[in-house]
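# Structural overview
Below are the chains, spelled out letter by letter.
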Amino acid sequence: MADKDVLTGEHFIHGDAACAEGGIASGCRFFAGYPITPATEVAERMARRLPQVGGVYIQMEDEIASMAAILGASWGGVKSMTSTSGPGFSLMMENIGLGMMTETPCVVVNIQRGGPSTGLPTLVGQADVMQARWGSHGDYGCIALAPASPQECFDFTVDAFNLSEIYRQPVFVLGDEVVGHMTEKVIIPPREELRIVERGKPQAKKEDYLPFDFKGPMPAQMAVAGQGYHVHVTGLTHDERGYPVITDAVQERNIRHIVDKIRKNADKIIRVESVFLDDAEVVVVAYGCTSRVARQAVEDLRSRGVKAGLLRLITIWPFPSNMIRQLAKQVKAFIVPEINYGQVAYEVERTAQGNAEVVLMALMGGSIHRPDEIEESVLEYF
Amino acid sequence: MATKAAKELPKEEFILPGTRSCAACGLMLTYRHSLKALDPGKTIVAVPASCMTVLHGVYPITPVKVICVNNPFAATGAAASGIVAGLKATGKAGYTVVAFAGDGGTYDIGIQSLSGALERGTDFMYVCYDNEGYMNTGTQRSSASPAGAVTTTTPILAKLQHKKDMLRIVEAHRIPYVATASPSFPLDLYDKVRKAKEIKGSRYIEVHAPCPPGWGFPNKDLIKMGKLAADTAVHVLYEIVDGKFRLTSRSLRLAEKGGKKTVADYVKGQTRFKKITEGQIQALQEFTDRRWYEFMERHQNGRS
């Protein structure tokens, strides 16, 4: 079975399939699925592949159940994952909050389509960016990666699993329909070249073990079923033992921890790709499928001597606020093409603090930007 | 009075030519005959995201002449409850609120919403068109898929579990009308929808809706497949009015005259059963027989 989990070699597959392979290569052995366009193919691939590697696929009765099941599986001790799109992501939100509160590692792939509601089931959208960040009630830290190709669907799903194990929380792969349904070459490296973070085992004696640690910037080692540790897992505000304590003092410790473990480690988590930023006078900020178009526009402009640059977000959350704050002092403007009505543009505007103009190029969904449109927007400043 | 011949059905069509449903869609025929039994001028249809949304179409192919409220997949029973409440609060009488949802939207994601509506005795009709899988997203298993069926999420071993007995769950709510129907028996279907329309309270009709692309049989065999389901008692036609059970149509004749065909006859014409084993066919036969004998017994008891 072992040789079937990492399919080392060159493949010609779509982004959805690559997400599934990224999960399996990361050691994911449980997938809870529910059909939804354009993410169904992730579940279908998992239904076929997991039995080949000794894993378990369950088709659940809805997305509420899918999210709950992967949290349960994670406490059972297995790396777990689900996939969905807009309406299903909405249904998952309460359980995503539970995963944040209980510090439960798992991965949620969201292949975004046009919303709200049923919206454009078969066509692209990028409008779940803020939902990923703020969708469940209460405060928590968020990690979301935005792949721009099937290759990155594989790579970033691996990264998402690693981050979820390191920071002990649900991590999002925020894909989009274009990337999910796009078929390209995907290279799966040899097993030894993959960096996989395995779940650590608690080192403490059983009588001293605390399943939660609110002091430091990192979470406690997670004990899972069968290791012999006494664990109490609750969505209620809890102390380091996991016992509910309904006081403002423990709420302070508990919630500051689940926010700060991301906030204080943001520099380690944030990943961007900088293209021609050093002397750029206008910077395009883009992510997902839109970043491919933006790259084309910026390269075209540079070939004509226009000092344009591209800041491509690999992690949308945590947001690279410091970098944008610095860039804002150097550039005339940020151009933000995105397939929503200004979700990342809002964040850029907030962090630019008035030092540079922010131009939103919004599409409501169903189509992608054209490079010449982005070029025109940039040229307004030259 | 039972409708005796197709020519007695109303001539007016409420689904215009050119729908976006697949060729030989069991749901399409179900919907067509159901709307004839309703008064489409006084009917509000609640529809979740499903094959039904596809049937209702995308402009300019929007062929359905009925007022429709589209709702989330999980919410059909609740959405219909709201429409009923809205009509009541504004003093509008004479409307029939009819929910049309598939098996995924009824057996799985929608069961909570449906159960809530039935428990409250919501004055509406709920039609479940059961095509035994998530066909709109390309044939994934649902809890209505039969054991032995290959779907895209049961690709290796085929489905291991028997179909959920949704009708018993619905019946447990003690609503005034529960029925089953099939587009292959349009007069029976038409009469049941017409009867349900006149009843106050929650009414549930489950229609077995064969799906050529999902089940893997030729389009031309749609009607034949529905008939075969009845002849094998895989799908049994009956109604329960105020708790009183009776077989109807083909199932009634099957009970009276015998001649039940085997499950093997039913599965052999469908590629979804390509991996079914002899043991699974046997299990499916036993499952089907057990239900059939229970229904026959209930029918006898109902008559006595």
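Everything below is about the structure shown above.
Now for a description of the structure that goes with this document. The structure presented is a predicted model; accordingly, all values stated were derived computationally and were not measured.

### Quick notes on helix H10 (residues 289-303) of chain A
Residues and elements named next belong to chain A. Between its first and last C-alpha, H10 extends 22 Å over 15 residues, near the 21 Å set by a 1.5 Å rise per residue. Along H10, the positions that sit buried rather than exposed are Cys289, Thr290, Ser291, Val293, Ala294, Ala297, Val298, Leu301 and Arg302. Just downstream of H10, Gly305 is the residue with a positive phi angle, here 85°.

### Brief notes about the side chain of B:Glu206
Residues and elements named next belong to chain B. Tracing the sequence through the fold places Glu206 in strand E6 (residues 203-208). The buried charged residue Glu206 lacks any salt bridge, with Lys163 as its nearest oppositely charged partner at 5.2 Å. Polar side-chain contacts of Glu206 include one of 2.6 Å to the side chain of Tyr204. Setting aside residues no more than four positions away along its own chain, Glu206 makes contact with Tyr107, Cys128, Asp130, Met166, Leu167, Ala179, Thr180, Ala181 and His235.

### Description of the layout of surface pockets
Each pocket or cavity is described by its volume, and for the largest pocket that value is around 1,100 Å³. Forming the boundary of the largest pocket are 48 residues, of which A:Arg113, A:Thr118, A:Pro121, B:Ala49 and B:Asn136 lie nearest the centre. Sorting the residues of the lining of the largest pocket by element identifies helix H4 (86-101), strand E5 (106-114) and strand E6 (120-124) of chain A together with helix H2 (51-56) and helix H4 (103-108) of chain B as the ones contributing at least two each. Per-element tally for the lining of the largest pocket: the top contributor is H4(A), with five residues. A breakdown of the residues in the lining of the largest pocket according to their chemical character gives 20 nonpolar, 23 polar and five charged. What the second largest pocket holds in volume is close to 560 Å³. Lining the second largest pocket are 24 residues, with A:Arg133, A:Arg263, A:Pro318, A:Phe319 and A:Ser321 sitting closest to its centre. Sorting the residues of the lining of the second largest pocket by element identifies helix H5 (129-134), helix H8 (248-263), helix H9 (266-269), helix H11 (321-330) and helix H12 (343-352) of chain A as the ones contributing at least two each. The leading source of residues in the lining of the second largest pocket is H8(A), at five residues. A breakdown of the residues in the lining of the second largest pocket according to their chemical character gives 13 nonpolar, three polar and eight charged. Counting only domains with at least three residues in the lining of the second largest pocket, you end up with domain 1 (9-193) and domain 2 (274-379) of chain A.

Thresholds applied
- Residues numbered from 1 in each chain as written.
- Chains lettered and ligands numbered in written order.
- Predicted model: local features only at pLDDT ≥ 70, side-chain atom pairs only at ≥ 80, totals over all residues.
- Heavy atoms only, no water.
- Helix = DSSP H or I, 4+ residues; strand = E, 2+ residues; numbered from the N terminus.
- Expected span 1.5 Å × (residues − 1).
- Buried < 20%, exposed > 50% of the residue type's maximum accessible area, 1.4 Å probe, protein only.
- Lys, Arg positive; Asp, Glu negative; His and termini not counted.
- Salt bridge = Lys/Arg side-chain N within 4 Å of Asp/Glu carboxyl O.
- Polar contact = N/O pair within 3.5 Å; in protein donor to acceptor, adjacent residues only side chain to side chain.
- Contact = heavy atoms within 4.5 Å.
- 1 Å grid on protein atoms, 1.4 Å probe; cavity = no way out; pocket = protein on both sides within 12 Å on 5 of 7 lines; lining within 4 Å.
- Points joined across faces, edges and corners; volume = space filled by probe spheres on them.
- Nonpolar A, V, L, I, M, F, W, Y, C, P; charged D, E, K, R; others polar.
- Domains from an automatic or database assignment.

Worth remembering: the numbers are spatial, not functional.
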